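Take a look at the letters that make up each chain.
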Amino acid sequence: MVGSQASMSPKRSACWVALAPLLCSCALALQGGMLFPRESPSREVKALDGLWRFRADFSENRLQGFEQQWYRQPLRESGPTLDMPVPSSFNDITQEARLRNFIGWVWYEREAILPQRWTQDMDMRVVLRINSAHYYAVVWVNGIHVVEHEGGHLPFEADISKLVQSGPLTTCRVTIAINNTLTPHTLPPGSIIYKADTSMYPKGYFVQDINFDFFNYAGLHRSVVLYTTPTTYIDDITVTTNVEQDIGLVDYWISVKGNEHFQLEVRLLDEDGKVVAQETGDQGQLRVPGANLWWPYLMHDHPAYLYSLEARMTTAGPVSDFYTLPVGIRTVAVTESKFLINGKPFYFHGVNKHEDSDIRGKGFDWPLLMKDFNLLYWLGANSFRTSHYPYSEEVLQLCDRYGIVVIDECPGVGIVLPQSLGNESLRHHLEVMEELVRRDKNHPAVVMWSVANEPSSALKPAGYYFKTLITHTKTLDPTRPVTFVTNTKYDADLGAPYVDVICVNSYFSWYHDYGHLEVIQPQLKSQFENWYKTHKKPVIQSEYGAEAIAGFHEDPPLMFSEEYQKALLENYHSVFDQKRKEYMVGELIWNFADFMTNQTPMRVIGNKKGIFTRQRHPKNVAFILRERYWRIANETRHHHSVPRTQCLGTRPFTF
């Protein structure tokens, strides 16, 4: 993965390497920052959303596109193409069954018309940014290779200035080849299974085997954008915050590329636009007397207070660059039995989610996102985990904006094979955590990193693997706790000694003891007591739940009925109410909404553990959970005047 082409001066580079472990900087291995593209007086953004030309490579070896070099000419000249919306997954857009389950290379192409000044102003950089391409991507501009990237869900970019400023053309042709094949060393892992028996399968037949329970959607899931900066530009900003009595402290470090001779002015503005602190230089501390802290939703009268950090870079010449970063002043800490935000005990009452919806698959969609946030507010949820991969940056921006606390999880799901715990997998996993921390380090809503979900952490290599991974993540960001989510027994988990918070998934009376609701409470009590006695760390019930098909009713409750889902949750909640008085610091229901999975006899058109349907209609249990979450909020919040019918959209905000 490549970032900017510009080089940092030796003096500044040495400074950043030395400070990286302390500054929550990802400069340890990755080159360049990954600031979210924002328009400013010095920057322009052009989204390439819309219809792209699309072609799947159905050749036997899936390599025809490379062999015939489809990127060298317009894609339509290679053969038949489809119109494919971006952002979206390609799987559910057409009526072709073979495309829905396609494994291999697919090709996207879009011609972009550039403003004339972009192609003529030599003091301007033009950058191509892909916000998510699942899984492996190769990118060409006008037939010239510019970047490759491994891993979905995280952004990558390339400076294409020389390609678009080298001639009279005001258009550029962007070609992206994407391969969704998963191997034991990808993240998430998978395996290709070849069916060699030609009496039962066609010649060359293969399937993708995965060890996670959601559909492996693929494509350009988020926006592709072009953006500009000056040739000397603000490359990265790192912010950490603290509080001394009533003084908010904002420590900042700014990386500038393209010229070692520059000046930086930094201002911090409150929500009314008033300057409350200012400094000069590429690192410093902004002190805010009487600071308004960033509080979670339902924990304060004015949750999610955001300042704006304005950075202005100038050089001796005419070049200047401006970038504005939202900043929330807050602290996070963990004790033996508490999770603290701003020194106050915080209890996670929230959900696990998926980026998943009808037709779009994992494609980003603003109306769906706003519906989900309105449902979170209605529910009284104050948190969620980004199960099981990083969500879009717009999601985290809304969490900052509305006070929804986030456990930010990397795509480390399905790590069950021994070969997925070896050095090759570890190397890639470390890189992914660097990319994740680099992207999300400045979000106040992100309070904890999760490096994996339900790995085989009882296997012998798991101890070294997770010790290395967690230590590396803490080096990247010493300001946040780190965890992974386990379903291994408390006395066999080799990674648990290295986490700050124990996150446990359990499905009593669902995946075992089917239908026996009476065993939930004793088994759950034993789970909590064993984990805490062994590790003396706060515990989150990071997953629990049962499937319910909307409209299925049975009394006495039977599995898959709405009554069984309700009864199972009530048994869990009875134990939660005891343990949250001691060392339990959170409960996250699985799942917010029904979602698509692979086809198996266990799944009826997807996983039905949602409290909402895939179309966001509430099941009966949504009302039970709403009553519970609002009751917990009323018991635990310190200051709260938000009415029960609170909805979003009452405060101005721009992305």
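Cut-off values and rules
Residues numbered from 1 in each chain as written. Predicted model: local features only at pLDDT ≥ 70, side-chain atom pairs only at ≥ 80, totals over all residues. Heavy atoms only, no water. Axes fitted to C-alpha atoms, helices over the stretch in contact; angles between N-to-C directions. Helix = DSSP H or I, 4+ residues; strand = E, 2+ residues; numbered from the N terminus. Parallel < 35°, antiparallel > 145°, perpendicular 65-115°, else oblique. Left-handed = near helix turned anticlockwise from the far one by under 90°. Contact = heavy atoms within 4.5 Å. Expected span 1.5 Å × (residues − 1). Buried < 20%, exposed > 50% of the residue type's maximum accessible area, 1.4 Å probe, protein only. Polar contact = N/O pair within 3.5 Å; in protein donor to acceptor, adjacent residues only side chain to side chain. Phe/Tyr/Trp six-rings, centres within 6.5 Å; stacked < 30°, edge-to-face > 60°. Lys NZ or Arg CZ within 6 Å of the ring centre and 35° of its normal. Salt bridge = Lys/Arg side-chain N within 4 Å of Asp/Glu carboxyl O. Pairing = 2+ DSSP bridges. Domains from an automatic or database assignment. Buried area = accessible area lost by both parts, 1.4 Å probe.

Student: So what exactly am I meant to see when it comes to the packing of helix 8 (residues 423–440) against helix 9 (residues 462–476) here?
Tutor: Helix-helix packing: each pair is described by the crossing angle between the helix axes and the interaxial distance. With their axes 10 Å apart at the nearest point, helix 8 and helix 9 run at an angle of 25° to one another. Put simply, helix 8 runs roughly parallel to helix 9. Between helix 8 and helix 9 lies a crossing of right-handed hand. Residues Asn 423, Ser 425, Leu 426, His 429, Leu 430, Met 433, Glu 434 and Val 437 of helix 8 form the contact with helix 9, whose own contacting residues are Tyr 464, Tyr 465, Thr 468, Leu 469, His 472, Thr 473 and Leu 476.

Student: Would you take a moment to explain helix 6 (residues 366–379) for this structure?
Tutor: Note that an α-helix has 3.6 residues per turn; residues three or four places apart therefore point the same way. Taking 1.5 Å of rise per residue, the 14 residues of helix 6 would be expected to cover 20 Å, and the 20 Å separating its terminal C-alpha atoms lies within 8% of that figure. Buried residues of helix 6: Leu 368, Leu 369, Asp 372, Phe 373, Leu 375, Leu 376, Tyr 377 and Leu 379, and no others. Of the surrounding elements, those touching the buried residues of helix 6 are strand 25 (348–352), strand 26 (383–385), helix 7 (393–402) and helix 12 (620–636). Positive backbone phi, at 80°, marks Gly 380, one or two positions downstream of helix 6.

Student: When you look at the side chain of Asp 365 in this model, what are you seeing that I'm missing?
Tutor: Looking at the secondary structure, you find Asp 365 in the loop between strand 25 and helix 6. Take Asp 365: its relative accessible area is 19%, and that puts it in the buried class. A polar side-chain atom of Asp 365 sits 3.3 Å from a polar atom in the side chain of Arg 360. Polar side-chain contacts of Asp 365 include one of 2.9 Å to the backbone nitrogen of Leu 368.

Student: Please explain the packing of aromatic side chains as it appears in this structure.
Tutor: Counted by the stated rule, this structure contains 41 aromatic pairs. For the pair Tyr 201 and Tyr 205, a centre-to-centre distance of 5.4 Å together with 20° between the ring planes defines the contact as stacked. Accessibility expressed as a relative area gives 34% for Tyr 205, which makes it partly exposed. Taking the centre distance of 4.6 Å and the plane angle of 25° together, the rings of Phe 466 and Phe 484 count as stacked. You can see Phe 466 sitting in helix 9 and its partner Phe 484 sitting in strand 29 (residues 482–486), a full 18 residues away along the chain. Phe 484 shares its class with Phe 466; the two are buried. Taken together, the ring pairs connect Phe 66, Trp 70, Tyr 71, Trp 105, Trp 107, Tyr 136 and Trp 140 into an aromatic cluster. One Lys or Arg, Arg 580, reaches over the ring of Tyr 347 and ends 5.8 Å from the middle of that ring.

Student: How should the pattern of salt bridges be read in this particular structure?
Tutor: Here the idea is simple: oppositely charged side chains can pair when their charged atoms come close. Per the counting criterion, the structure on display carries 37 salt bridges. The shortest N-O distance in the salt bridge between Arg 173 and Glu 109 comes to 4.0 Å. Remark: Glu 109 occurs in strand 4 (residues 105–113) and Arg 173 occurs in strand 10 (residues 171–179); sequence separation between them is 64 residues. Using a relative accessible area of 9% as the deciding quantity, one classes Arg 173 as buried. For Glu 109, a relative accessible area of 1% corresponds to the buried category. A salt bridge links Asp 358 to Arg 614; the nearest nitrogen and oxygen atoms lie 3.1 Å apart. Taken together, the positions of Asp 358 in the loop between strand 25 and helix 6 and Arg 614 in the loop between strand 32 (584–589) and helix 12 put the pair 256 residues apart, joining distant regions of the chain. On the accessibility criterion, Asp 358 (28% relative accessible area) is partly exposed. Taken together, the salt bridges that share partners define one network made up of Asp 577, Arg 580, Glu 587, Arg 628, Arg 631 and Glu 635.

Student: Just checking my understanding: could you explain the pairing of strand 4 for this structure?
Tutor: Each regular strand carries side chains that alternate between the two faces of the sheet. Pairing between strand 2 (residues 50–56) and strand 4: four bridges, direction antiparallel. Each residue of the ladder has a partner; that of Arg 53, found in strand 4, is Glu 109. In this sheet, strand 10 lies alongside strand 4 in antiparallel orientation, the contact comprising nine bridges. Looking across to strand 10, one finds that Val 106 is bridged to Ile 178.

Student: What should I look at first to understand the domain arrangement of the protein in this one?
Tutor: Interfaces are often sized by the accessible area lost when the parts come together. Taken domain by domain, the protein comprises domain 1 (44–180 + 216–229), domain 2 (232–327) and domain 3 (344–636). Distance between the C-alpha centres of domain 2 and domain 3: 33 Å. On the side of domain 3, 23 residues touch domain 2, which itself brings 15 residues to the contact. Summed over both partners, the interface of domain 2 with domain 3 buries about 1,400 Å², with 68% contributed by carbon and sulfur atoms. The largest per-residue losses of area from domain 2 upon contact with domain 3 belong to Trp 294, Tyr 297 and Leu 298, which jointly make up 47% of the total buried on that side. A salt bridge links Asp 236 to Lys 441; its shortest N-O distance comes to 2.8 Å. Where domain 2 packs against domain 3, one counts seven residue pairs in polar contact (both at pLDDT 80 or more). Those elements that place two or more of their residues in the side of domain 2 that touches domain 3 are strand 15 (233–244) and strand 21 (320–327). Tallying contributions element by element places strand 15 first for the side of domain 2 that touches domain 3, with five residues.

Student: When you look at the sheet that holds strand 15 in this model, what are you seeing that I'm missing?
Tutor: Sheet architecture is open: three strands sit in the order 15-16-19, paired in antiparallel fashion. Strand pairing shows two members of the sheet lacking a second neighbour, strand 15 and strand 19 (283–289), which therefore form its edges. Strand-to-strand twist in this sheet, taken as the mean axis angle between neighbours without regard to direction, amounts to 20°. As judged from the eleven bridges shared by strand 15 and strand 16 (residues 247–257), these two strands associate in the antiparallel manner. For Asn 242, the partnering residue across the bridge sits in strand 16 and is Leu 249.

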